[in-house]
Each structure stands twice: as structure tokens, then as C-alpha cells.
Amino acid sequence: MTRNVDKDKKDIMITPGEGVGILTAHSIGEPGTQMTMRTFHLPGVVEAVPTGLPRLIEIVDAKKKPKKPVVMIYLKEKYKDMKKVEEIAEKIDEVLLKDVAKFSEDFRKRQILIRIDKDEIRQLKIDLIGIKKKIKAELGPNIKMKHKGEKVLLITKDMPLRMLRKFTNKMKNLHIKGVKGINKPVVTKDENGEWLIVAGGSNLTDLFKFEDVDPSRSTTNDIMEIYNLFGIEAARNAIVNEMYTTMKIQKVNVDIRHICLLADAMTVEGEVVSVGRHGLSGRKPSVLARAAFEETVKHLVNAAINGEEDRLRGVTENILIGQPVPLGTGLVKLTMKHETK
Amino acid sequence: MAKKTDEFIVYLNGKIVGTHPNGEELVRDIIKKRRSGEIHHEVNVEFYPKVKEIYINTDGGRSRRPLVIVENGRSKLTPEIKAKIRNNEIEWKDLIRNGIVEYLDPGEEDTLSYIAIREEDITEEHTHLELDSVGILSFVTSQLPMQEYNSSPRTTMACSMTKQALGLYASNYALRYDTKAYVMFYPQMPIIYTRPQKILGTEKRIGGNNLVVAVMSYRGFNMEDGVVVNKSAVDRGLLRVEMFKTYSTEERRYPGGQKDKFEIPAPTVNGYRGETAYKYLNEDGLISPGVEVGGKDVLIGKTSPPRFLEEVSAFGIAEEKKKEASITLKAEEKGIVDSVLLTQSPSGNKMVKVRIRETKIPENGDKVASRHGQKGVIGLLVPQESMPFTKDGIVPDLIINPHAIPSRMTVGHLLETLLGKVACMDGKRIDGTTFTPANAEDAKEVLKRYGFEPNGYEVLYDGVTGERIEAEIFIGIVYYQRLQHLVSNKMHARSRGPVQLLTHQPTEGRSREGGLRFGEMERDCIIGYGATMLLKERLMDESDRTVQIICNDCGSFAYYDYLKNKPICPICDSTNFSQVEMSYAFKLLVDEIKSLGIFPRMITSNKTEE
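Residues numbered from 1 in each chain as written. Chains lettered and ligands numbered in written order. Predicted model: local features only at pLDDT ≥ 70, side-chain atom pairs only at ≥ 80, totals over all residues.

Draft legend 1. Region of interest: the overall build of chain A. When helices and strands are counted, chain A shows 15 helices and ten strands. A compact globule built from 341 residues would reach a C-alpha radius of gyration of about 20 Å, whereas chain A, at 29 Å, exceeds it by more than 25%. Principal axes of the C-alpha set define a box for chain A whose edges measure 105 × 60 × 40 Å. Relative to its full complement of 341 residues, chain A shows a buried share of 28%. Looking at chain A alone, contacts between residues at least 24 apart form 60% of all its contacts between residues at least 6 apart. (Helix = DSSP H or I, 4+ residues; strand = E, 2+ residues; numbered from the N terminus. Rg over C-alpha atoms; globule rule 2.2 N^0.38 Å. Buried ≥ 20, exposed ≤ 12 C-beta atoms within 10 Å, placed from the backbone. Contact = placed C-beta atoms within 7 Å.)

Following this line, the structure appears as C-alpha cells:
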């Protein structure tokens, strides 16, 4: 029995010298080309989030911000009731001043009139005085505020027109309520029947300040945010998850180990590194390998300036100079002691 | 530019000549006067009411086509006039003069006409009627029969392939010296013809044979657009083509009064090819017609004066060292010298043209196509006795695969098969012009009369076993063309051969006897397998392997001095060298980097002590 297990284990293990990197590249790259041609389309809002090849490229390029960040907020208590979840969702939803008020600028008098929509704030359960306080807090030294009911008048002292417009825009985006950057929260059920909130935008740091939000299960599709918040190991897992799910949605079956290897390669250095000129390929130790990839002249000249040395340990270099590649059958060496007289 | 007037701007041949308050009236008048003969019949109008512009064109270079004039929903080509034409009472000129037919240019066609395709289709709004409904098709498309039964992509393909068909391209081919030309041995007029073929004269410059075509499988040799061809038919000249190729050169004059010369080069000439290369040449340096040549045989012996004066020998007296400049047959070609023409070039020099001919018999890999976008490659040549046959002893010339039909929807091909059979039995060619309905019902009647199944099916017997083939086979006559892609002009393989001077890598392309590229993706696959030594063999040993001597002290390339019998480092006085195996491409790279002012050093170590 144990012998069989041992034998199976040996069979499963990858052979020493197997070119796992290139196999990964092939295994992800080939279905990737298929994906360009037949991207499945989904109905509704979900479509706005990049899926398929564009999303994969986004992950692999290690973009600072995804095109459309999305958070999945799980709650500490597993509510059976949708209403309570909706309440929380409402709390989270970011409300800006422009959502509840109308602006009109008077460039001659250098004034800004803000008309707050009473019905709107009543619906959102926002306090009128609270808003006014928030507006006041934002005012600079040269601006005075007059208010009467739902009307707020901001009087500036000879502010240049451009500054006035700038200030209006600043006021429009004044944060009133909810979590910064979170919009359009939708309450849905996951495959286990649990209620959760899916929202656009990504701001886990502020979200975790809410008591109801479960920080151990809530997640985002913004890998860089995960990296900044949880560290590199989490980022690696996020890469794996994101790639795996996007490919699964496209019905592209790539073995998860390939994705793991790619994620490992992207994160071994302790930070998330993109695949390409500025990332993985651009950081190869070998001058020749880098020069063979992109920006040949740049690498050669820099190597000359710095007096770099190429140990010829990689695959590309050895193909270039015509040596056996240190991979597969080329990895093993027969050493023989030469008897010298 | 803002318009200052509400009037119509009138252009004559692209230049503004004035304005007119009522554009419709002007256009109407011009057309009316043109039809009555008051204005020349080559004048055409373009009318753009939205931008209030009228273009009147009278200049040359517009492609125009004749159409029957329709007025008030009635064609001007009335039955009475038709009868007059039939009795030769009036001719074409009269039709134009009397305003029955007029020529439209593209501009007028686009802006002022509504053309009915058939006489039955005419409504009140129509202004013109096609002389014939095929008129809407192009020159090439109108050559193809029954295209209204085919899917449009196939029609497109059929058009482009018809242009590649080999046939009788010119009847004076024997007097011509085209660089490359093909002439078919027994070209046939298509049994299913089109009227435009007759009008345009392409009927007499055709390329193809009417073949007996069966739609069935033949032992897998016609899978995936392969076709099986009757070898005996090929031996009788089916689709056989002669290829003509002309090589030419002239005695050029150079500044300084020097001149090329046609002659058998003397062995002292620079670049002498050896005695055997010149064996077919006569004293004047030219080859004789009828000689069988091949390989790199010289066709025209020619010598040129030396390019530089310095080449004059060192012994003082100018002994001219001439350069070999003969014209040879290309390495992969062979043939018979068809004719030799000695004439004068436009610049007044002596010029020779040598025409080589070679018979191209249909063989495995040659391309054939019907006129319905159904192309195929010959997959097998079967002797007649092994081909299937009908009860009458009819043996197909060509067998196509039934899978070629459904997804491509080339019903025209099937219809041609059926009608071709009818035409053969009736002894009459059938008009297959597109948009002229072919009567399949009549065809069925004819087939019945001659004792065939009306649907074109026949019982076939296997030529090998003699057994009856269980399925009934659709068999008939289709016009097939031989296309310009002949394997004998393309086939290529290499084991060893020439390498490029710069990189020491094998040359590229058939004409240079080149290798087949082992590309980047192929390389990736071999890496994926981890087959390192195979990879090294492909990319190094079989390509540009070189052994370089490297100075262990300074890391630069050394060379071997055969006079001193020892390796020399060009930089230091080292005596310590290593022999290193590398790709020549790498050596070249290092040399080029050196030329940039960077000195890459190679650090050597012993392989066994690593």
C-alpha cells in the first residue's frame, strides 16, 4: 500500500528538468489566442467589467488600477433576510454632493449657489445640517457661506474664474455619505445561497471599518489593492483566483498549476511584477536574453556601460550562442575525471 | 464654402461654368436633347439635388455601357423594333440615333437612373432596362455559367480561379517570346457556354476540358478537395499543357568603347563554368533549337569586359581578363530549346532570346477547378481499367468528393454536371448564361429519352473488383480548368546546400536551393519537450556552427596563422587559447557590437571542471 502511494507520488511529480515555464506559456498562450476569437458575452452590468482576454492582459500586465474595480462584500452575520443586507448596502453606497444638489455658478458675482434636493436627501436619510457642516469644513479662507433652508450660497472674494470652476468641481465631488469610491452596490446571492453585496469601485481599507463587513471573506478584483493591504502572498492568490475564474467563464480549461506558476513568477520578487518588457522579461539576469527580447540596443549599451557579465545560465542565451540548453536532457552532465600524467 | 446662391452650380468636365435656377429642368433638357440627337450622345450628366450641383461630362476615359431607355413604364425597344432588328432593317447606330438605346457613365448611372434587370420587372419609376440581365455582371463573372445557383463566395473564388486557368492565351503564341507562357494541347470550348463568352470572344481563348465527372469517394484519395484523375485520359492528352519560358540577353555597350560578346567563353575567363556547361553552344555562343537542356546548362555564352581597369594583368601589357556573363537555365528547370531569336534591342544592341519549352503533364499535386469555385488537387492518377465504369462503359475522367458540395452550396456545379450530360447526348451546346433560367425539367426529359435516370444518377461498377457499387453515383460532364499552380514549379527539398555569406546560415527560397525555416514557434515546441540536443542540432550543427579560437587572456577572437603555424591573438601576445564551438550568428553579433565601440570579452572555462 505505502509502496503504491510512493509510486503514485513519483508518477505525479514533475520530472527534473521539465521546461515548466515554457509549458505554462504554451498552455496559457494557446487557449488565449482562442479567447480573442470567441469571447462569451454576458448580459447586464457584469459586461462592463472586462472579461476574457482584456481582463487577462490586465492581470498579466499588473496594472495599477483595473479598468473596472469590483468588490464582493461578505458580511459577518449570515443574514437570511435580504432587507438587512440592503440596509448595509445603502450605508456603504457613496453619495457625493452633486448627487443630492444642483449647482449654479454666477461668474459675474463670483458666487456659487447650491440647491440641495430635499426629497433626495430624505430618501437617502441624510441630515441637511450635516451636509451644510461638511460644506463649511471645505471652505477656504476667502470664501463665505450663506444658507437658508435648502439653499447654500458661497461667496468668494474676486476669485479667478478658473479657480471658481475648479472649486465648483471640488464641491460637486464632496463626500457626503458612505464609503469613498464605492458605487452601485447590488445585493446578490452567491452559489451557497448567502447574501452578499457586489459593488463597483474598490476600497477595502474603508470598508473594513464597518462592523458588519467580514474582512476575512470580502474581496476585490483589484490585485494591487490586495497587495498593498494584505501583502504579496495574498496578491499571488488573488492573481490565481482572478485568472482562473476569468478563464473558467470563457470555458477555457487551463490547469491551475500553470496559473499558479505564472502567479509565482509574478510575485517571487516580493512585489507584483508584470510579464513583459518592464517586468519579468526585463529583469532577466542575462544581457543576451534581454537583448533578444525587446529594446536590444538599450540593453547592450547599458551592459557595456556597467560592464555586465553574462553567466549563460538561461535558455535564450544558450540558443543564441549555440550551446545545449540547460533544460530537459541538457540539464544532466556527465563528468569524467581526465587522467593526466 | 458657403453658397451665395440658391441656384444649381453647373460643372462642365469638372470646371464651374455657371449656375442654373432649375436643376431638374436643365437635366431633363440635356437628356431629352441627347436622346433626340441635338446634343452628342457621348454627353452624360450627374445630378446632386441635395448639394445643388450638376456635373456635365463630355471628356474621355469614362467607362460607359448601353441601356434600353424606358419611359412611362414601357421599354422603348418595342416588339416592332425587335422585329426590324431581326430583319436587318435597322442597326445599332439607328437605335442610338432614335433614342431607343443610350450609353450611361457611372455618374449618371448612380444619380439619374433606375435600371430594370428584366423586362417583366419594369414599373413606372424605371428609367432604363438592361439589354440582357447578365449585363450587371463583370467581364469575368459573365464567363461563368449559372452563377445564380451558387453562393456568392464561391462565385468570387470561381472568378479569381478562371483568371489562373491555362489554355490558349493567344493564337500567335508560336511567334511570341513571353517570359512565361502556357499553352494547352487540346483546349475545348465549354459544352455549357455563356452568351458573353461568344460576344467577348473568350470562347476562342479558352482554358479547359469538358470532363466526365463522378461525385463519389475513391479509396480516400479524394478527401479534402483531392481529385482522382483517370491516368489513361491524361495519357491521351487531358489537360496537358506546354510551358514556354524565354531567356534573353543583349551585347551591352560600356563607356570606353567596350562591349559584351556572344561566344563560348575561353577557359581563361573569370568565372569559367567548366567545359561541360558550354557543350550545347555553337561557335557563335548560342544554343540550337531542339536541344534538350537541363540543370544549369548555358543557353547563351557571353563574356563581359572587366569591371575595373585595375584587373589588367600585372605583366604590364594589357591582357584583357574578361568576365563570364552567360545566361543559364535555372537549376530546377529542364526542357527543350524551342527557338532562338537573334535580333536587335531597342538601344540598338545585338540581342538574343531563347525560348525553352517543357510539357507539363497533369500529375499528383497539380491544381484543377471547375467554374463554380470548386477547386481541387490531383491526389491520385488511376489507370482506366481501375476506374469505376457505367453499364455503357463510360469511365469518369475525374472523381470529386461528395463532401465538396453541401457546405459550399455550389448548386451550379451540380446543374452543370446534369446539363453537360444532356448537351452531350443531344449533341448541342447549352446556354448556361447566369440569370437565363436553365430548364432542368426539359433536361430530365432528354435524359429519360436517352435511357438515363432523369436525376443524373448511374449505376457504377468498381474497376478493380468488378463489383457493382452499392450507391448510385451522380455523374455528368463538367468543364474543368487546369490552374497555374503546378507542383513541378514548386516542389523543393534540401539536405545540404548553399549558405548565406553574411551569417553562414542556409539560404532561403526554392530558387536559391534554400532550407526550410525552423522558426521561433517550432523552437518553442522543442524546448517544451526538453529535447535539448535535438534543438542544438537544428539550430547549430545543421545551420551555422563554427569553431572559433578564443584568447583566454583577453577574451577576444583569435585567428590561426598558417605561416607561423600557431594561433594569434590580435590584441595581446597570449599563447593561451581555447577552441570554442558557437553559432556563427553569435560571432557576427560580437563583431557588430565591437563595431559600436563596445568590447565584449568571452570568459572561457573548461567544461569538465565546471
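Draft legend 2. Examining helix α11 (residues 232-249) of chain A more closely. Residue and element names in this part refer to chain A. For α11, spanning 18 residues, the distance from its first C-alpha to its last is 26 Å, which sits close to the expected 26 Å at 1.5 Å a residue. Along α11, the residues classified as buried are Ala235, Arg236, Ala238, Ile239, Val240, Glu242, Met243, Thr246 and Met247. If you follow the buried residues of α11, they end up packed against α3 (52-60), α10 (223-230) and α12 (256-267). Positive phi appears at Lys251, one or two residues downstream of α11, with a value of about 60 degrees. (Expected span 1.5 Å × (residues − 1).)

Draft legend 3. Expanded view of the domain arrangement of chain A. Split by domain assignment, chain A resolves into domain 1 (19-67 + 223-267), domain 2 (70-93 + 181-220), domain 3 (95-177) and domain 4 (287-330). In this structure, domain 3 of chain A and domain 4 of chain A have C-alpha centres spaced 61 Å apart. (Domains from an automatic or database assignment.)

Draft legend 4. Region of the structure containing the sheet that holds strand β5 (residues 143-148) of chain A. Residues and elements named next belong to chain A. The strand order across the open sheet formed by four strands is β3-β4-β6-β5, and the pairing between neighbours is antiparallel. Two strands in the sheet have a free side with no partner beyond their single neighbour: β3 (101-106) and β5. With direction set aside, neighbouring strand axes in the sheet form an average angle of 15 degrees. Sheet topology note: the β3/strand β4 (residues 111-116) ladder contains six bridges and is antiparallel. Counted as the bridge partner of Lys102 is Arg115 from β4. Where helix α7 (residues 128-138) meets the sheet, its contacts fall on β4, β5 and β6 (151-156), and the angle it forms with β5 comes to roughly 170 degrees. (Pairing = 2+ DSSP bridges. Axes fitted to C-alpha atoms, helices over the stretch in contact; angles between N-to-C directions.)

Draft legend 5. Representation of unusual backbone geometry. At Ala62 of chain A, a residue that is not glycine, the phi angle is positive and equals roughly 50 degrees. Mapped onto the fold, Ala62 of chain A is located in the loop between α3 and β1 (70-73). When the 22 C-beta atoms within 10 Å are taken as the criterion, Ala62 of chain A is described as buried. Even without a glycine there, the phi angle at Met409 of chain B is positive, about 55 degrees.

Draft legend 6. Broad picture of the interface of chain A and chain B. Opposite the 22 residues of chain A that make contact, chain B presents 20 residues. Broken down by secondary-structure element, the contributors of at least two residues to the side of chain A that touches chain B are α2 (20-37), α14 (296-306) and α15 (315-321) of chain A. Of the residues forming the side of chain A that touches chain B, the biggest block, four residues, is contributed by α15 of chain A. Grouping the constituent residues of the side of chain A that touches chain B by class yields twelve nonpolar, nine polar and one charged. (Nonpolar A, V, L, I, M, F, W, Y, C, P; charged D, E, K, R; others polar.)

Draft legend 7. Spotlight on the pairing of strand β12 (residues 209-215) of chain B. All names here are of chain B. Counting buried residues along β12, six of its seven residues qualify, which places the element largely inside the surrounding structure. In this structure, β12 lies alongside strand β30 (residues 473-482), joined through seven bridges in antiparallel fashion. For Val213, the partnering residue across the bridge sits in β30 and is Gly476. In terms of strand pairing, β12 meets strand β26 (residues 398-400) through three bridges, oriented parallel. Along β26, the bridge assignment pairs Ala214 with Ile399.

Draft legend 8. Just the nonpolar core, in detail. By size, the foremost hydrophobic cluster in this structure holds 53 residues, and its most contacted members are Val213, Val227, Leu398 and Leu419 of chain B. Once residues lying within four places of it in the same chain are set aside, the contact partners of Leu419 of chain B are Ile192, Ile430, Gly432, Ala438 and Ala443 of chain B. With 22 residues, the next largest nonpolar core counts Leu288 and Leu327 of chain A together with Ile526 and Tyr584 of chain B among its residues. (Core = buried A, V, L, I, M, F, W, Y, C linked by C-beta atoms within 7 Å.)

Draft legend 9. Local environment of the domain arrangement of chain B. Segmenting chain B into domains produces domain 1 (8-131), domain 2 (153-240 + 364-482), domain 3 (242-360) and domain 4 (510-609). Distance between the C-alpha centres of domain 1 of chain B and domain 4 of chain B: 77 Å.

Draft legend 10. Region of the structure containing the sheet that holds strand β3 (residues 44-48) of chain B. All names here are of chain B. Pairing is mixed in the open sheet, where four strands are placed in the order β2-β1-β4-β3. Each edge of the sheet is formed by a strand with only one pairing partner; in this case those strands are β2 (15-20) and β3. In this sheet, adjacent strand axes meet at a mean angle of 20 degrees when their direction is disregarded. Here five bridges tie strand β1 (residues 8-12) to β2, and the two strands are oriented antiparallel to one another.

Draft legend 11. Inspection of the packing of α10 of chain A against α11 of chain A at higher detail. Residue and element names in this part refer to chain A. Where α10 meets α11, the axes come as close as 7 Å, and the angle between the chain directions of the two elements is 155 degrees. Here α10 is positioned roughly antiparallel relative to α11, judged by the angle of their axes. Between α10 and α11 lies a crossing whose hand is right-handed. Residue-level contacts link Ile223, Ile226, Tyr227 and Phe230 of α10 to Ile232, Ala234, Ala235, Ala238, Ile239 and Glu242 of α11. Taken together, the residues of the contact of α10 with α11 break down into nine nonpolar, no polar and one charged. (Parallel < 35°, antiparallel > 145°, perpendicular 65-115°, else oblique. Left-handed = near helix turned anticlockwise from the far one by under 90°.)

Draft legend 12. Inspection of the environment of Glu191 of chain A at higher detail. Residues and elements named next belong to chain A. Along the chain, Glu191 turns up in the loop between β8 (183-189) and β9 (195-200). Note on Glu191: 5 C-beta atoms within 10 Å, which makes it exposed. In this structure the C-alpha to C-alpha distance between Glu191 and Asp6, which are 185 residues apart in sequence, comes to 37 Å.

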